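# Overview (structure and organization)
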Amino acid sequence: MTKVEIPITRNPVSPERAEAIRRAVQGASTMPSATGGSRLAQPSDAEAFLEFLQDPAIHAPIYTLPRPLTLASLGDFIADHLEQRERGEGLLFLNFTEDDRLSGYTDLIIWPQWAAGELGGAVRSDLQGQRRGVEGAKTGFNWMFEVLQLDLICETAAPDNIRSARLLGGLGFKRKGEVTSHRPDGGTRASLVWEINREDWGNVVWRDKTKAH
Ligand SMILES: CC(C)(COP(=O)(O)OP(=O)(O)OC[C@H]1O[C@@H](n2cnc3c(N)ncnc32)[C@H](O)[C@@H]1OP(=O)(O)O)[C@@H](O)C(=O)NCCC(=O)NCCS
C-alpha cells in the first residue's frame, strides 16, 4: 500500500521561492499568539516547558512531542527545533502571559520546496475552552501566509480531537483524508488531514465576520 504523507497537496515552487521561505523562517523570532507574547524556545526553557506539558489535557493529543517527556528529551526537542530554524524548516515558540507564565506553545513544520507548512501546539489547560486556541490559530495561519509566504497549510489531528476539527473546519480548512502519523518513539497514530491554500484562505468569510489581521 502506498504510504500517504503530509502535505497531501504538493506543488513544487522555484528554488528562489523556496530559498525566500527558508530565509523568512530563519529570520522569525516571534509570531502572533492569543495567549501572550511569543518567543523562540531556548534550551534553558526545558524545565518550564516540561512542567507545562505534564498535563495530559495538553500533551495527550499531540503526536510530535517526545516520549517519554523528560528534561533530557525536551532539551533535545528544543535544540532540534533551533537546528530546524537554521535550515529554514521549523520553528518552536513559547507563549507567555503578562505574569510571565507559560501559556501555550506553537510548533511549525515548514516544507519550503512546496511552500507549505503545518502549525501545531497547545494552550494551557486553564485557558482552553475560551476559543483562544481558535483565535491564536487564525492569526498564526495568517502570519504563515503573509510573513513566511506559504501557499498551503496542512493540518493533522487525531480522529477524536473534536476541538481541533471544529477549529479547522470553522477557519475554512477542507478534509483531505487520513494518514498514519509517526511519533518520535516509533509509535503510530491515525490522523485526519485538513488543508487550505492561500487563495481559499483569502476568500474565507470568518464565522465572526472579521478577517484575521
Ligand atoms: C485544540 C485547542 C488548541 C483548541 O483551542 P481552544 O481555544 O481551547 O478551543 P475551544 O475549546 O474554545 O473551541 C474550539 C472549538 O471546539 C468546540 N468545542 C469545544 N469542546 C467541544 C465538545 N466537547 N464538543 C463539540 N465541540 C466542542 C468549540 O465550540 C469551538 O468551536 P467553534 O469554533 O465552532 O465555536 C486547545 O483546546 C488545546 O490546546 N488542546 C490540547 C492540545 C491539542 O489538542 N492541540 C491540537 C493538536 S492537533
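Residues numbered from 1 in each chain as written. Predicted model: local features only at pLDDT ≥ 70, side-chain atom pairs only at ≥ 80, totals over all residues.

### So, the overall build of the chain
- Along the chain, the regular secondary structure elements total seven helices and seven strands.
- Against the compact-globule benchmark of 17 Å for 213 residues, the chain has a radius of gyration of 16 Å, which places it among compact chains.
- Over its C-alpha atoms, taken along the principal directions, the chain stretches across nearly 40 × 40 × 35 Å.
- Counting across all 213 residues of the chain, residues that qualify as buried make up 36%.
- Looking at the chain alone, contacts between residues at least 24 apart form 66% of all its contacts between residues at least 6 apart. (Helix = DSSP H or I, 4+ residues; strand = E, 2+ residues; numbered from the N terminus. Rg over C-alpha atoms; globule rule 2.2 N^0.38 Å. Buried ≥ 20, exposed ≤ 12 C-beta atoms within 10 Å, placed from the backbone. Contact = placed C-beta atoms within 7 Å.)

### Re the confidence of the model for the chain
- In this model, the chain carries an average pLDDT of 93, and 94% of its residues clear a pLDDT of 70 or more.
- Across residues 209-213 the pLDDT falls below 50, and counting only partners more than four positions away or on other chains, this stretch makes four contacts in the model. (pLDDT = per-residue confidence, 0-100.)

### Observations regarding the pairing of strand E3 (residues 102-111)
- Among the ten residues that make up E3, eight are buried, leaving the element largely enclosed by the rest of the structure.
- In this structure, strand E2 (residues 90-96) lies alongside E3, joined through seven bridges in antiparallel fashion. The partner of Gly90 across the bridge, within E3, is Ile109.
- Relative to strand E4 (residues 116-123), E3 is paired through eight bridges, and the arrangement is antiparallel. Directly across from Ile109, in E4, lies its bridge partner Glu118.
- In this antiparallel pair of consecutive strands, E3 and E4, the connection spans four residues, and Ala115 shows a positive phi of 50 degrees. (Pairing = 2+ DSSP bridges.)

### A look at helix H4 (residues 71-87)
- With 17 residues, H4 ought to run about 24 Å at 1.5 Å a step, and its terminal C-alpha atoms sit 25 Å apart, in line with that.
- All buried positions along H4 are accounted for by Leu74, Phe77, His81 and Arg85. Projected down its long axis, H4 shows its buried positions confined to an angular sector of 80 degrees, all on one face. In H4, the exposed positions that point more than 90 degrees away from the buried face belong to Ala72, Glu83, Glu86 and Arg87.
- Phi turns positive one or two residues past the end of H4, at Gly88, with a value near 75 degrees. (Expected span 1.5 Å × (residues − 1). Arc of directions from axis to C-beta.)

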